[in-house]
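Residues per chain, in single letters:
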Amino acid sequence: MKRSSLFIAQLLFTLLVCAFMLVPVLMSLVAGLTRNYFQGVSSGLTFDWIAQVWQAYSPTVWLSLQLAVACAVCVCVIGVPAAYALVRMNNRFSRAFEELMVLPVAMPGLASALALLLTYGQFGSFRSSWLFILVGHVLFTLPFLVRPVMAVMQRQHLPTLEEAAASLGAGPLRRFFSVVVPNCRAGILAGVLMVVTLSLGEFNLTWMLHTPMTKTLPVGLADSYASARLEVASAYTLIFLLMIVPLLVALQAISARLSRGEQR
Amino acid sequence: MSSTVLKAHNVAAGGLLKRRLRPTAAWALAPAAAVLAAFWLLPLAHLIVLGGQQRDGAGSGYWQVLSSPQYLGSLAQTCVLAAVVTLAALLVGGITGVFLARQRFFGRTTLVALLTFPLAFPGVVVGFLVILLAGRQGLFAMLGLKLAGERWVFAYSLAGLFLGYLYFSIPRVILTIMAACESLDRSLEEAAHSLGAGHWRVVCDVIIPGLAPALVSCGAICFATSMGAFGTAFTLGTQLNVTPVAIYNVFTNYANFTVAAALSVVLGALTWAVLLLARRMVKQSRTVL
Amino acid sequence: MTGTTLRLIGCRKAFSDGTVAVHDLNLTIEAGETLAILGPSGCGKTTTLRMIAGLERPDVGQVLFGDHDVTRLPIERRDVGMVFQNYALFPNLTVEGNIAYGLKVRGMSVAERNKRCAELLELVGLQEHAKRGIHELSGGQRQRVALARALAPRPKVLLLDEPLAALDAQLRERLRSELDQLLRSLGITSVFVTHDQGEAMALGDRILVMQQGRIAQLGTPREIYQQPANPFVAGFVGNLNAFSVAGRTVNGLKVSGGELPWAEASEPSTVYCRPEHLRVVTREGHLHGRLLGQFFQGAQSRLLIEVGAAQPLLVDSADSVIHAPGDLIALAIEPQALFALHP
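If you're wondering where the values come from, they're calculated on a predicted model, not measured in any experiment. (Residues numbered from 1 in each chain as written. Chains lettered and ligands numbered in written order. Predicted model: local features only at pLDDT ≥ 70, side-chain atom pairs only at ≥ 80, totals over all residues. Heavy atoms only, no water.)

Colleague: Talk me through the domain arrangement of chain C; I want residue IDs and the actual numbers.
Modeller: How large an interface is tends to be reported as the accessible area lost when its parts come together. Assigned domains of chain C: these are domain 1 (6-229) and domain 2 (241-337). For domain 1 of chain C versus domain 2 of chain C, the distance between C-alpha centres works out to 40 Å. (Domains from an automatic or database assignment.)

Laid out in structure tokens, this is it:
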């Protein structure tokens, strides 16, 4: 097929945008594996920087993973029932509640963190534990689970399915766990992946909430950007990308499946 | 009469099970409500009150913020920067999004995937990527050295910040525009073409109005994110006079909680106002996070 | 399976916007009976079914299963089986999982559950599909799974909401007779809602015709068809010819197009007959008119005949004679096929 010149122009533009998005990422990959970035790739490739980063910063990786998993669990436990309730109620109150839930995302993270810090900062043991950061992450990620789960619930004709379960003798709790939850698994999965991804990368809140004992991966990254040499910072970024990209791939696969389901 | 009958029927369909299930539904909301109340509403209220407190006879935090040219300038700068980033992101992301949604060609899905990955990159990482592009040892510095004999370094200025904010806004715009494009009625365009409208006329008269709700709500979110983005600015240097950095400096360097709180509240209120305004403008379409 | 008598006493249901869906309904459904609730959309038939099911609670009145007052019991404690309009099968479970759901909820052991499941799969002829997912089934198969699922826990009452509406015409016909046989062999009290009069006639032991939240008529299909209580019922179940009476003769009524035989002493203003009761005759008939059109319908053909009344007459004729438009047609009718209605 012959393409018009407009198509070519748009394609070129898109490729340019793509280059803008990808070139720095590639540069960071190369820098993290190059012996000396000033001299260029000709100085040889090495895993030394990654090893060095791992030595210095591996606790941040573990803490971040721990936080992300805990955050996903917490958000599921409070978010799935909340999504169910919001879909079920669908009145002025539920819409107001949804608004309230999204507010921590709309507000600058720094402001939320400051509010948390000034209110709960004086509780020493809470302040210095990783749970303090967890609270911030849960607040920030909650809507990212509730929204997709609500969308799936609205699509699945859940009320009728629930009526069917009730007609077969299932009480409210049983209906929730045997009909509601299994039928929005895809939404929950998409939400959980998003929550884990965001929690792993959260910085705005975490920077204010962390203590020297509770450094997460992005906090460590910021540290290394400020103080370490470029190769170390790049290697560290590389580790972060290695953690986050598989999650993003899975997320894209699931959202593709979800949108196909929508058309069916 | 037939309309009331119909209405009764519709009500019957959704009717009583919903009402009967409502107490259960309210219970299901309780954990989320408790968490939000304890860790969000209460701290927020505290922050608002704190911002109004007097300190050292300098007036309330809000007064200090609103009467200081430094803070006001920082707020204005942040707003202008966020607005410019939003417009640029809408332009770039809009063109790319429409193109990717409308055309089918080899490698399209890969391109979409690559373009949307950076959506979840945290601000700090984006800041670092900007440094790699336009920092002292960045790509542009090398290019400049080769072409003009001088290093082109603009990462540590507002231009760098603009680049960073643009970086994390573009994927979001592309995603939203692609989704909106898919739900756009193609026959409208065909109708316009059949009436003799040229390509640009169709773009102006059909496509842009059709995408307007998506553009507005997505733009509002880009604006809000840019207003509050702290990570990128933090990585690029704390001497940049944008409000999040100002809050951070006031809080950590001067331990001035009152002004920090007041600044946070003002920044939050501004952001929220823009989101609310956008919501008003597109009443029916729900914002995509 | 034994049936349960089902009674609604003075049940009334209004919605929050004030519209009354069902007005003070009194209804007894005998044990083992199949009742069809028939009516146009919005007549309150679905609300009635949902009140029996326990998905709606009447504002006033009682629902009794046998002697047991279930008005305040939620659906999950009423022991009803329900087939939903779009079947509402659980997409996360297999055919077997769907059928076993109600048994599992009741805490039945795995062995018993499997046995009952196998029984029902056989009953609906889906043995080979036990492990399939719901998305792999055809419409007819889904309908059977929904039925098997509802019957599995041996409910007291079986409720069906437009059970065949989601199927295409041919399949509907076949499943209708299957369903009929099944309900009869089980002897379970069942209530189903439909807007399709053919379905109601074929399946219902009795038919409840509803209009604007009230009972228009309750009776056997034959009664409903042959002695409709009012023009609404008559028009809703089958087609109807209406004749405006212009006056009396010695043993007939004067109408447009001729004279109808009428032995009774009364002189109604309108009399009615069914299209199949008008016969095309070659000799002298009761009515004469010109053919407007003839529509071949397979076993019979439908004729539209202009007699000078507001509406042309409908005639269903079994003979295969082909007439030309404009032909003069003579029609005869037996006196007992004519009836009057009190609006």
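Now that the structure has been shown, we can carry on.
Colleague: Let's hear about the interface of chain A and chain C: which residues, and what values?
Modeller: Taken together, the contacts link 21 residues of chain A with 21 residues of chain C. Overall, the association of chain A and chain C removes approximately 1700 Å² of surface from exposure, summing both partners, and the carbon and sulfur fraction of that is 60%. Broken down residue by residue, the surface that chain A buries against chain C is led by E163, S167 and L168 of chain A, which jointly contribute 39%. Where R50 of chain C meets E163 of chain A, a salt bridge forms, and the shortest distance between an N and an O atom there is 2.8 Å. Put simply, chain A and chain C have six residue pairs in polar contact (both at pLDDT 80 or more) between them. Mapped by element, the contributors of at least two residues to the side of chain A that touches chain C are α7 (158-167) and α8 (172-183) of chain A. Considered class by class, the residues forming the side of chain A that touches chain C number nine nonpolar, seven polar and five charged. (Contact = heavy atoms within 4.5 Å. Buried area = accessible area lost by both parts, 1.4 Å probe. Salt bridge = Lys/Arg side-chain N within 4 Å of Asp/Glu carboxyl O. Polar contact = N/O pair within 3.5 Å; in protein donor to acceptor, adjacent residues only side chain to side chain. Helix = DSSP H or I, 4+ residues; strand = E, 2+ residues; numbered from the N terminus. Nonpolar A, V, L, I, M, F, W, Y, C, P; charged D, E, K, R; others polar.)

Colleague: I'd like to hear about the nonpolar core, residue by residue, with values.
Modeller: Formed by 222 residues in total, the largest nonpolar core has its most connected members in L100, F121 and L211 of chain B together with L159 and V191 of chain C. When residues of this core are assigned to their parent elements, the largest contribution, 20 residues, is made by helix α2 (residues 48-89) of chain A. Sequence-distant contacts of L211 of chain B, defined by excluding residues within four places in its chain, comprise V98, I177, A180, C181 and L184 of chain B. Core analysis: the next-biggest nonpolar cluster, separate from the first, contains 45 residues, A36, Y87, C117 and L182 of chain C among them. (Core = buried A, V, L, I, M, F, W, Y, C linked by side-chain atoms within 4.5 Å. Buried < 20%, exposed > 50% of the residue type's maximum accessible area, 1.4 Å probe, protein only.)

Colleague: Give me the lowdown on a nonpolar patch on the surface, citing residues and values where you can.
Modeller: Residues and elements named next belong to chain B. On the surface, L139, L143, L147 and W152 cluster together into a nonpolar patch covering about 360 Å² of accessible area. With respect to the secondary-structure elements, W152 resides in the loop between α6 (139-147) and α7 (158-182). Here W152 falls in the partly exposed class, since its relative accessible area comes to 32%. (Patch = residues over 30% accessible without salt bridge, like charges linked within 9 Å, V, L, I, M, F, W, Y side chains within 5 Å. Areas by Shrake-Rupley, 256 points an atom, 1.4 Å probe, with all protein chains shown as cover.)

Colleague: Lay out the UniProt feature "domain: ABC transporter" (unreviewed entry) in chain C in plain terms, naming residues and giving numbers.
Modeller: If you check UniProt for "domain: ABC transporter" (unreviewed entry), the listed places come out as residues 6-237 of chain C in our numbering. In residues 6-237 of chain C, helix accounts for 36% and strand for 25%; the two terminal C-alpha atoms are 25 Å from one another. (UniProt positions renumbered as here; feature names shortened; annotations may be inferred.)

Colleague: Please give an account of the interface of chain B and chain A that cites residues and values.
Modeller: Contacts between the two partners involve 79 residues from chain B, matched on the other side by 84 residues from chain A. Carbon and sulfur atoms supply 80% of the area that chain B and chain A bury against each other, a total of about 7600 Å² over both sides. Between the two partners, chain B and chain A, sit one salt bridge. The partner of E99 of chain A in a salt bridge is R279 of chain B, and the shortest N-O contact between them spans 2.8 Å. Summed over the shared surface of chain B and chain A, the result is eight residue pairs in polar contact (both at pLDDT 80 or more). The element best represented in the side of chain B that touches chain A is helix α1 (residues 2-51) of chain B, accounting for 23 residues. Residues of the side of chain B that touches chain A, tallied by class, amount to 60 nonpolar, 14 polar and five charged.

Colleague: Could you give an account of the sheet that holds strand β5 (residues 68-69) of chain C, with specific residues and numbers?
Modeller: Residues and elements named next belong to chain C. Spatial strand order, β2-β1-β4-β5: four strands in an open sheet with antiparallel pairing. In this open sheet, the two edge strands, each paired with only one partner strand, are β2 (20-29) and β5. With five bridges connecting them, strand β1 (residues 6-14) and strand β4 (residues 60-65) associate as antiparallel partners. Within β4, the residue paired with R7 across the bridge is L64. (Pairing = 2+ DSSP bridges.)

Colleague: I'd like to hear about the sheet that holds strand β10 (residues 214-219) of chain C, residue by residue, with values.
Modeller: Residue and element names in this part refer to chain C. Strand order in the open sheet formed by six strands is β6-β7-β8-β3-β9-β10, and the pairing between neighbours is mixed. Both outer strands of the open sheet, β6 (80-83) and β10, are each paired with one neighbouring strand and no more. On average, each strand axis in the sheet is inclined to that of its neighbour by 20°, with strand direction left out of account. In this sheet, strand β8 (residues 189-194) lies alongside strand β3 (residues 34-38) in parallel orientation, the contact comprising five bridges. Across the sheet, T34 pairs through a bridge with S190, a residue of β8. Running at roughly 170° to β6, helix α4 (residues 139-151) makes contact with β6 and β7 (157-161) of the sheet. (Axes fitted to C-alpha atoms, helices over the stretch in contact; angles between N-to-C directions.)

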